[in-house]
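This is what each chain is made of:
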Amino acid sequence: MSFLRFVGAILFLVAIFGASNAQLSATFYDTTCPNVTSIVRGVMDQRQRTDARAGAKIIRLHFHDCFVNGCDGSILLDTDGTQTEKDAPANVGAGGFDIVDDIKTALENVCPGVVSCADILALASEIGVVLAKGPSWQVLFGRKDSLTANRSGANSDIPSPFETLAVMIPQFTNKGMDLTDLVALSGAHTFGRARCGTFEQRLFNFNGSGNPDLTVDATFLQTLQGICPQGGNNGNTFTNLDISTPNDFDNDYFTNLQSNQGLLQTDQELFSTSGSATIAIVNRYAGNQTQFFDDFVSSMIKLGNISPLTGTNGQIRTDCKRVN
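Scope of this entry: the structure provided in the associated data block. Model, not experiment: these values are computed from the prediction. (Residues numbered from 1 in each chain as written. Predicted model: local features only at pLDDT ≥ 70, side-chain atom pairs only at ≥ 80, totals over all residues. Heavy atoms only, no water.)

**Brief notes about helix α11 (residues 265-272)**
At step 1: Burial runs high along α11: six of the eight residues are buried.
At step 2: Residues Gln265, Thr266, Asp267, Gln268, Glu269 and Leu270 constitute the buried set of α11. (Buried < 20%, exposed > 50% of the residue type's maximum accessible area, 1.4 Å probe, protein only. Helix = DSSP H or I, 4+ residues; strand = E, 2+ residues; numbered from the N terminus.)

Following this line, the structure appears as structure tokens:
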């Protein structure tokens, strides 16, 4: 992480979150649940051995959680149909809830009522990246869990896979995130899978043109059309977000964008939007994996510190799916 970027992140946290964020600490569980990291790592390691998407599922939950009312575990709640964030369009089909439940059960067996579901998402995201050969970082703890979900916030604040860059940028800046954060965090698509429904609009009739998205590489287009045929029953068909090293956390996502082989519209927009400052960032990460890792770590820490509930706010849910 560059010095200027580090200082910028610190100033951002102080300005936005003030004293409440000082309650987040790397040593928060040192006396109350000292084995929290090893317990979560044990569950994540076991799950990732049988499901290569485990880490990607968790980091998506963490991102989508933090973008709605801050990092408060609200995405995990099963509430009535008018409130649940799980059923918002951006979260339909999201996985990883069962992994969170397994982690929570393991923690409750050792240190009951201590570790929040919001902290589980933050820690499991870091561990999932490390298990996929990505960078590590010091996770801060002390978040509490919310008592309510925010369906309308999930509808408005989480970028959909069909957005233009012009729509995505304010979604990030509204959370105190800049263009570097947008591109770096998009790099999490270097592992995981996506359903046909998240990108098939690019394959045949893009924006009602009757033609495919012209930013899709021709060979890649043929491959995707074979995986997701027009008019086919593609609801449960997945393909890799990163076509070259789908299970590894690396910078191939960015070299794919340079070759017009980004899977989602929101991916390729980072490189194919004419005149955008994101192009230079993509090029920088494509040529320097260390720089990508450094910026990704900075952006993940920044993400995890968006408006946490701390102190007497919120609660520690004993079941991540429901309020105590």
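**Overview of the packing of helix α3 (residues 54-66) against helix α4 (residues 97-110)**
When two helices pack together, their arrangement is captured by the angle between the axes and the distance separating the axes.
At step 1: Two numbers describe how α3 lies on α4: the axes approach to 9 Å, and their chain directions differ by 90°. With respect to α4, the element α3 is oriented roughly perpendicular. Two secondary-structure elements touch here, α3 through Ala54, Ile58 and Leu61 and α4 through Phe97, Ile99 and Val100.
At step 2: A breakdown of the residues in the contact of α3 with α4 according to their chemical character gives six nonpolar, no polar and no charged. (Axes fitted to C-alpha atoms, helices over the stretch in contact; angles between N-to-C directions. Parallel < 35°, antiparallel > 145°, perpendicular 65-115°, else oblique. Contact = heavy atoms within 4.5 Å. Nonpolar A, V, L, I, M, F, W, Y, C, P; charged D, E, K, R; others polar.)

**Comments concerning the side chain of threonine 239**
At step 1: Looking at the secondary structure, you find threonine 239 in strand β2 (residues 238-240).
At step 2: Contact partners of threonine 239, with chain neighbours within four places excluded, come to Arg193, Ala194, Phe199, Leu224, Ile227 and Leu263.

**Digging into the nonpolar core**
At step 1: In terms of nonpolar packing, the biggest core is built from 71 residues, with Leu107 and Phe296 touching the most fellow members.
At step 2: Looking at which element gives the most residues to this core, the answer is helix α5 (residues 117-131), with eight residues.
At step 3: Formed jointly, this core draws a minimum of three residues from each of two domains, domain 1 (35-157) and domain 2 (165-303).
At step 4: Those residues in contact with phenylalanine 296 that lie beyond four places of it in its chain are Ile59, Val129, Pro135, Trp137, Ala184, Leu185, Ala188 and Phe249.
At step 5: In this structure, Ala194, Phe199, Phe204 and Leu224 belong to the second largest nonpolar core, which totals 13 residues. (Core = buried A, V, L, I, M, F, W, Y, C linked by side-chain atoms within 4.5 Å. Domains from an automatic or database assignment.)

**A short note on the pattern of salt bridges**
Side chains that carry opposite charge are capable of pairing whenever their charged atoms lie near each other.
At step 1: Taken as a whole and judged by the stated rule, the model has 14 salt bridges.
At step 2: A salt bridge links aspartate 102 to arginine 47, with the shortest nitrogen-to-oxygen separation between them at 2.6 Å. Taken as a pair, aspartate 102 in helix α4 and arginine 47 in helix α2 (residues 36-50) lie far apart in primary sequence, 55 residues in all.
At step 3: Looking at aspartate 102, the relative accessible area reads 36%, which means it is partly exposed.
At step 4: Classification of arginine 47 by relative accessible area gives buried; the value is 17%.
At step 5: In the salt-bridge network here, residues are joined through shared partners; they are Asp101, Asp319, Lys321 and Arg322. (Salt bridge = Lys/Arg side-chain N within 4 Å of Asp/Glu carboxyl O.)

**With respect to unusual backbone geometry**
At step 1: Of note, asparagine 69 is a non-glycine position whose phi angle comes to about 65°, a positive value.
At step 2: Judged by its relative accessible area of 42%, asparagine 69 is partly exposed.

All quantities given are derived from atomic positions and should not be read as evidence of function.
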